[in-house]
Amino acid sequence: MGTRTILTTTALLFPAGLAAFAGGPAACAAQTGADSKQERLLLSAAIEEVRRSPFHAGTAGETNELRLRETEPSGTGRYQPQEAGSPEEVPFVGGPVLFTYVLAEASHFVGAYLLLGCAFGQLPSGCLMAPVGALAAVALPAVASGVNPGKALVASALGLAGGIGAFVGGMLVTEEIDNANPFVAALVSGLVHAGITTAVIRRL
């Protein structure tokens, strides 16, 4: 439909141009003012007709849309949210790792006291409180740094399993040297607990 409008306008202008030159030099000289006015009116009407055509409107719309896209701020309308379930990146270095080792050692020393109380019947619940307290304490720095609590507890549980093995080994070694020393064993088990927990958190 736009092409028809352009062709119609051209067809109107072409005879008008021929008519302007058909009268010869004499007619042109006599009707210069009138012909010029008529040509301007015809040209204005043709231009207005082209502007009203759907072809011109569509082109203008596309041009405006193109300009809007070109002037659109970088990244606007193109943001794609991160898919749910994608692994989160949480820095677990420096302070949180150091705090993990401090709490591991402290909780294992406290755990050694609780185990002694449990062994001598003075604190029966100490046998349960010792591992539970160490498990929660060592997971705390990771949770505070933004690690998922479930992930932190799983890592601490794996570290605790290694720490218990290290504690038993420490008790056997110190017993062979002099006498079983639960605090030396707790020192070793705390280091193992914190080390395994840190490594697991970084890999999960």
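1. Looking at the overall build of the chain
Here is step 1: For the chain, the helix and strand inventory stands at 8 helices and 0 strands.
Here is step 2: Walking the chain from its N terminus toward its C terminus, one meets helices and strands in the order α-α-α-α-α-α-α-α.
Here is step 3: Going through the 204 residues of the chain one by one, you find that 25% of them count as buried.
Here is step 4: Just so you have it, the chain exposes about 13600 Å², and 67% of that area is on carbon and sulfur atoms.

2. A closer look at a nonpolar patch on the surface
Here is step 1: A contiguous nonpolar patch, built from Phe109, Val184, Leu187, Val188 and Leu191 and spanning about 380 Å² of accessible area, is present on the exposed surface.
Here is step 2: Examining the composition of the nonpolar patch, we find that 4 residues originate from one element, helix 8 (residues 182-203), more than from any other.

3. Thoughts on the packing of helix 7 (residues 149-177) against helix 8
Here is step 1: Look at helix 7 against helix 8: their axes get within 7 Å of each other, and the N-to-C directions meet at 150°. Considering their axes alone, helix 7 and helix 8 lie roughly antiparallel with respect to each other. When the axes of helix 7 and helix 8 are compared, the crossing they make is right-handed.
Here is step 2: Counted by class, the contact of helix 7 with helix 8 contains 15 nonpolar, 9 polar and 1 charged residues.

4. Considering the side chain of His108
Here is step 1: Within the element layout of this structure, His108 appears in helix 5 (residues 95-119).
Here is step 2: At 2.8 Å, the side chain of His108 and the side chain of His193 are in polar contact.
Here is step 3: In this view, His108 contacts Ala134, Ala186, Ser189, Gly190 and His193; residues no more than four positions away in its chain are not counted.

5. Quick notes on the packing of aromatic side chains
Here is step 1: Under the defined criterion, the tally for this structure stands at 2 aromatic pairs.
Here is step 2: Here Phe109 and Phe183 contribute two aromatic rings whose centre-to-centre distance is 6.3 Å and whose plane-to-plane angle is 15°, an arrangement assigned as stacked. Note that Phe109 is positioned in helix 5 and Phe183 in helix 8, a separation of 74 residues in sequence.
Here is step 3: With a relative accessible area of 25%, Phe183 lands in the partly exposed category.

6. Re the side chain of Thr174
Here is step 1: Tracing the sequence through the fold places Thr174 in helix 7.
Here is step 2: Apart from residues no more than four positions distant in its own chain, Thr174 is found in contact with Asn179, Ala180, Asn181 and Val184.

7. Quick notes on the state of the cysteines
Here is step 1: Applying the stated criterion across every chain yields a total of 1 disulfide.
Here is step 2: Two residues, Cys118 and Cys127, share a disulfide whose sulfurs are 1.7 Å apart. Note on the Cys118 and Cys127 pair: the S-S dihedral is about -100°, so by sign convention the disulfide is left-handed.
Here is step 3: Taking relative accessible area as the criterion, Cys127 reaches 39% and is therefore assigned partly exposed.

Rules used throughout
- Residues numbered from 1 in each chain as written.
- Predicted model: local features only at pLDDT ≥ 70, side-chain atom pairs only at ≥ 80, totals over all residues.
- Heavy atoms only, no water.
- Helix = DSSP H or I, 4+ residues; strand = E, 2+ residues; numbered from the N terminus.
- Buried < 20%, exposed > 50% of the residue type's maximum accessible area, 1.4 Å probe, protein only.
- Areas by Shrake-Rupley, 256 points an atom, 1.4 Å probe, with all protein chains shown as cover.
- Patch = residues over 30% accessible without salt bridge, like charges linked within 9 Å, V, L, I, M, F, W, Y side chains within 5 Å.
- Salt bridge = Lys/Arg side-chain N within 4 Å of Asp/Glu carboxyl O.
- Axes fitted to C-alpha atoms, helices over the stretch in contact; angles between N-to-C directions.
- Parallel < 35°, antiparallel > 145°, perpendicular 65-115°, else oblique.
- Left-handed = near helix turned anticlockwise from the far one by under 90°.
- Nonpolar A, V, L, I, M, F, W, Y, C, P; charged D, E, K, R; others polar.
- Polar contact = N/O pair within 3.5 Å; in protein donor to acceptor, adjacent residues only side chain to side chain.
- Contact = heavy atoms within 4.5 Å.
- Phe/Tyr/Trp six-rings, centres within 6.5 Å; stacked < 30°, edge-to-face > 60°.
- Disulfide = S-S within 2.5 Å.

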